[in-house]
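The lines below spell out each chain.
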Amino acid sequence: MIIDLHTRIWTSPAQLGESVAEQFRRRRTEPWEQTTGSAEQHAEAMDPVDVAAVLGFESTLLGAKIEHDQVAQEIAVHPGACVGFAGIDPNAGRPVQSLERALDAGLVGVTVCPAAAGFHPTDTRAMELFEACQSHGIPVHIESSGRLARQARLEFDQPVLLDEVAREFPDLKLVIGSLGDPWVDQGVALLAKHPTVYADLAGLVSQPWRLLSSLLSAFHHQVIDQILFASNFPFCDPAQAIKNMYSVNTVTQGTSLPSVPREQLRSIVERDTLAVLGIPKPERPAKPTAQASDAEESKSEADTADSPSYEVVEDPAR
């Protein structure tokens, strides 16, 4: 089973905020207009994976929002193929009520962006949200997003700031996006300390050297089992992310530098992330059984037999 824990869909880049668009234009890594996250492209790109997590997004600081209902709609269109995480900004007010609405919509997790939304992870409103998530038994994804825009608070991206959260809520499952990049060492240390803290590789799978060095650090600190696969769609699709994972050791091929055992790479790609995070596996629509198909065929034949027959008479005037 392959689970992609980090994907997004938007109807317009404006949903991410104008300041985010400006940052991408400045980087010029690719035309902003081509960085699209349409539902159609998402469905096509997710073909290699069994289930994809579609993440919402909310930041009053950046004027960005991907609504709960938009995520829920995508889940409904592709039953069994997706699960949804609600994007919640504690600064937006009433985060616990927002969580309740997300659960009513069928979403199974929460994603927050401390840096993009401009809040310290232990802010009172954030802690109230985390407490509610622990009570409901749903995971929280912490996005590493400080580089999204100039207004973002980069200092709030540091994984070490989550240590108090993990101590205060020992049953809450936290996922650190991109292993806390650029503070990967902090991310690895947090995983080593807390068995309920995990990390995805979104953002790292497109950087071969950083991916390798991050995986080596996780391997040597014996926390590979807490690393979860993620593509970061639409900036990288799952097929390319999987390829990058399995080819990561080529970076040091022919040198004396260490490599990550292939079985460890495979364990990440094929990890049942849903089970790890306590998320029920979404049910796919049942396929018609052979017996049901035979019954339908028999009914069709019976309907044909019961239908009146008509003799075709040629029109004499023709």
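What counts, and at which threshold
- Residues numbered from 1 in each chain as written.
- Predicted model: local features only at pLDDT ≥ 70, side-chain atom pairs only at ≥ 80, totals over all residues.
- Heavy atoms only, no water.
- Phe/Tyr/Trp six-rings, centres within 6.5 Å; stacked < 30°, edge-to-face > 60°.
- Helix = DSSP H or I, 4+ residues; strand = E, 2+ residues; numbered from the N terminus.
- Buried < 20%, exposed > 50% of the residue type's maximum accessible area, 1.4 Å probe, protein only.
- Pairing = 2+ DSSP bridges.
- Contact = heavy atoms within 4.5 Å.
- Axes fitted to C-alpha atoms, helices over the stretch in contact; angles between N-to-C directions.
- 1 Å grid on protein atoms, 1.4 Å probe; cavity = no way out; pocket = protein on both sides within 12 Å on 5 of 7 lines; lining within 4 Å.
- Points joined across faces, edges and corners; volume = space filled by probe spheres on them.
- Nonpolar A, V, L, I, M, F, W, Y, C, P; charged D, E, K, R; others polar.

Residue-level account of the packing of aromatic side chains, with values.
Scanning the entire structure with this criterion turns up 1 aromatic pair. Both rings, one in W10 and one in F235, keep their centres 6.2 Å apart while their planes meet at 45°; by these two values the pair is tilted. Here W10, found in the loop between β1 (3-7) and α1 (18-27), pairs with F235, found in the loop between β10 (227-228) and α10 (238-246); they are 225 residues apart in sequence, far enough to count as distant. Residue classification places W10 among the buried residues on the basis of a relative accessible area of 4%.

Explain the sheet that holds strand β8 (residues 174-176) residue by residue, including any values.
Spatially, β1-β2-β5-β6-β7-β8-β9-β10 is the arrangement adopted by the 8 strands of the open sheet, whose pairing is parallel. Bordering the open sheet on either side are β1 and β10, each of which pairs with just one other strand. One ladder, built from 3 bridges, connects strand β7 (residues 140-142) with β8; its direction is parallel. Each bridged residue has a counterpart across the sheet, and for I142 the counterpart in β8 is I176. Running over the sheet, helix α8 (residues 184-193) touches β8, β9 (197-200) and β10 and is turned about 145° from β9.

Tell me what's going on with empty space enclosed by the protein, and back it up with residues and numbers.
All told, the structure shown has 1 cavity of 30 Å³ or more when counted by the stated rule. Its boundaries defined by the atoms lining it, the largest cavity holds a volume of some 60 Å³. Taken together, 13 residues line the largest cavity, and the ones lying closest to its centre are I142, D157, P159, L162 and I176. For the lining of the largest cavity, the residue count by class is 7 nonpolar, 4 polar and 2 charged.

In short, shape yes, function no, at least from these values alone.
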